[in-house]
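Structural overview for review
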Amino acid sequence: MPPLPRRFYERSPDIVAIELLGKELIAKVRSRVTAGIIVETEAYFGKGDPASRASKRKTPMNEIMWDRGGLAFIYMVHGNWLFNITADKPGVPGAVLIRAIEPTKGVETMKRRRHAKYTELTSGPGKLTQALGITNRHHGSDVTDPTNEIIVERGLKKKFQLCTSHRIGVRDDTKRELRFFVKDCPFVSK
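Residues numbered from 1 in each chain as written. Predicted model: local features only at pLDDT ≥ 70, side-chain atom pairs only at ≥ 80, totals over all residues. Heavy atoms only, no water.

**With respect to the overall build of the chain**
Counting its regular elements, the chain contains 4 helices and 8 strands. If you list the helices and strands of the chain from N to C, you get α-α-β-β-β-β-β-α-α-β-β-β. Its C-alpha atoms give the chain a radius of gyration of 15 Å, within 12% of the compact-globule value 16 Å for 190 residues. Residues classed as buried in the chain amount to 53% of the 190 residues present. Excluding contacts between residues fewer than 6 apart, the proportion of contacts in the chain whose partners are at least 24 apart in sequence is 60%. Accessible area for the chain stands at about 9200 Å²; split by element, carbon and sulfur atoms hold 52% of it. Positive and negative side-chain charges of the chain, numbering 34 and 21 respectively, have mean locations separated by a distance of 2 Å. (Helix = DSSP H or I, 4+ residues; strand = E, 2+ residues; numbered from the N terminus. Rg over C-alpha atoms; globule rule 2.2 N^0.38 Å. Buried < 20%, exposed > 50% of the residue type's maximum accessible area, 1.4 Å probe, protein only. Contact = heavy atoms within 4.5 Å. Areas by Shrake-Rupley, 256 points an atom, 1.4 Å probe, with all protein chains shown as cover. Lys, Arg positive; Asp, Glu negative; His and termini not counted. Charge placed at Lys NZ, Arg CZ, Asp CG, Glu CD.)

**Let's talk about helix α2 (residues 13-20)**
Owing to its 3.6 residues per turn, the α-helix aligns residues three or four sequence positions apart on the same side. The set of residues buried in α2 consists of Pro-13, Asp-14, Val-16, Ala-17 and Leu-20. Looking down the long axis of α2, one finds its buried residues gathered within 160° of arc, a one-sided arrangement. Contacts from the buried residues of α2 go to α1 (6-9), β2 (32-44), β5 (95-105), β6 (150-153) and β8 (179-182). The positive-phi residue at the C-terminal boundary of α2 is Gly-22, with phi of around 90°. (Arc of directions from axis to C-beta.)

**Regarding the environment of His-78**
The topology assignment puts His-78 in the loop between β3 (72-77) and β4 (80-86). Relative accessible area serves as the criterion here: at 78%, His-78 is assigned to the exposed category. For the pair His-78 and Tyr-118, spaced 40 residues apart in sequence, the C-alpha separation works out to 23 Å.

**Comments concerning the pairing of β4**
Burial of β4 is extensive: 5 of the 7 residues sit out of reach of the surface. Bridge count for β3 against β4 is 6 bridges, and the pairing is antiparallel. If you follow Ile-74 over to β4, its bridge partner there is Phe-83. If you look at the hairpin formed by β3 and β4, you'll find 2 residues sitting between the two strands, and His-78 has a positive phi there, around 50°. Looking at chain direction, β4 and β5 are connected through 3 bridges and run antiparallel. Pairing of Ile-85 across the sheet is with Val-96, part of β5. (Pairing = 2+ DSSP bridges.)

**Notes on the pairing of β8**
Both faces of β8 are covered, namely the face carrying Arg-179 and Phe-181 and the face carrying Phe-180 and Val-182. Pairing between β2 and β8: 3 bridges, direction antiparallel. For Thr-41, the partnering residue across the bridge sits in β8 and is Phe-180. Where strand β7 (residues 162-165) lies against β8, 4 bridges are found, and the strand directions are antiparallel. By the bridge assignment for β8, Cys-163 is matched with Phe-181.

**Things to note about the nonpolar core**
Tyr-9, Leu-20, Leu-25, Phe-83 and Ile-98 are the most contacted members of the largest nonpolar core, which has 32 residues in total. Residues within four places of Ile-98 in sequence aside, it is in contact with Leu-20, Leu-25, Ile-38, Glu-40, Thr-41, Phe-83, Ile-85, Pro-125 and Leu-128. One finds Met-65, Trp-66, Leu-82 and Ala-95 within the second-largest nonpolar core, a separate group that totals 11 residues. (Core = buried A, V, L, I, M, F, W, Y, C linked by side-chain atoms within 4.5 Å.)

**Quick word on unusual backbone geometry**
Residues other than glycine predominantly adopt negative phi, and peptide bonds predominantly adopt the trans conformation. Positive phi, close to 95°, is recorded for Asp-88, a residue that is not glycine. Relative to the helices and strands, Asp-88 is located in the loop between β4 and β5.

**Details of the side chain of Arg-167**
Checked against the element boundaries, Arg-167 lands in the loop between β7 and β8. Accessibility expressed as a relative area gives 4% for Arg-167, which makes it buried. Of the polar contacts made by the side chain of Arg-167, one reaches the side chain of Asp-49; its length is 2.7 Å. Within the structure, Arg-167 has its side chain in polar contact with the side chain of Asp-173 (distance 2.5 Å). In this structure Arg-167 touches Glu-42, Ala-43, Tyr-44, Asp-49, Ala-51, Asp-173, Thr-174, Leu-178 and Arg-179, once residues within four positions along its chain are discounted. (Polar contact = N/O pair within 3.5 Å; in protein donor to acceptor, adjacent residues only side chain to side chain.)

See the structure below:
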C-alpha cells in the first residue's frame, strides 16, 4: 500500500493529528520491519502555541516546521527521541507528535529493543521511537516517499471513539485540547 500523500499533511496540524489516528506507522530500520496503528497524537502550531518548538522564532532545530508537510521532525526530550511529522502548508509552522501506537508487526523486535511487556512497548513517544528504531538520523526524511524507512499508510478500517485532552507534559498550554487519542486503548500513554 502506498504511503499517505503530501496533501494529507499540508493541512492544519489539529486536523492531521485527528486523521492520523487509525493509520499505520511503519518503520523499516536495519532490515527489521516494525509497525503499529496510531492511537495517540498531539498537534503543535507556531506563534501563539506556547508549547510548540516554533512558538518564538525559527532556529536550526525547528526550521523544518516551516517546510512542507510530511517530513520527520525528530528531537530529544529527557534522553528520548520524539517522532513528529510536519504539518500545514510550506511557510506555516506545524507538526504532529506521534505519542503511541498499537503494535501490528515486528513485536518480537520491539520486545528486544525495549525489554518491556506488550502494552508498554509503544505507549509513549519515547517508547515508540525505541521500539521502532527511530533516531535523529531519520530527521528530515520524507514519510510520503515509499522508499523512506518510515512511512504512514492508510491502516485498518476500524471504528473507534475519539477522545481529547490537553497535551501531556506541557507547562504552558493553549486553551484548546490538542491531544487526540483512541478511547479505552491500552496502548495510549499514561
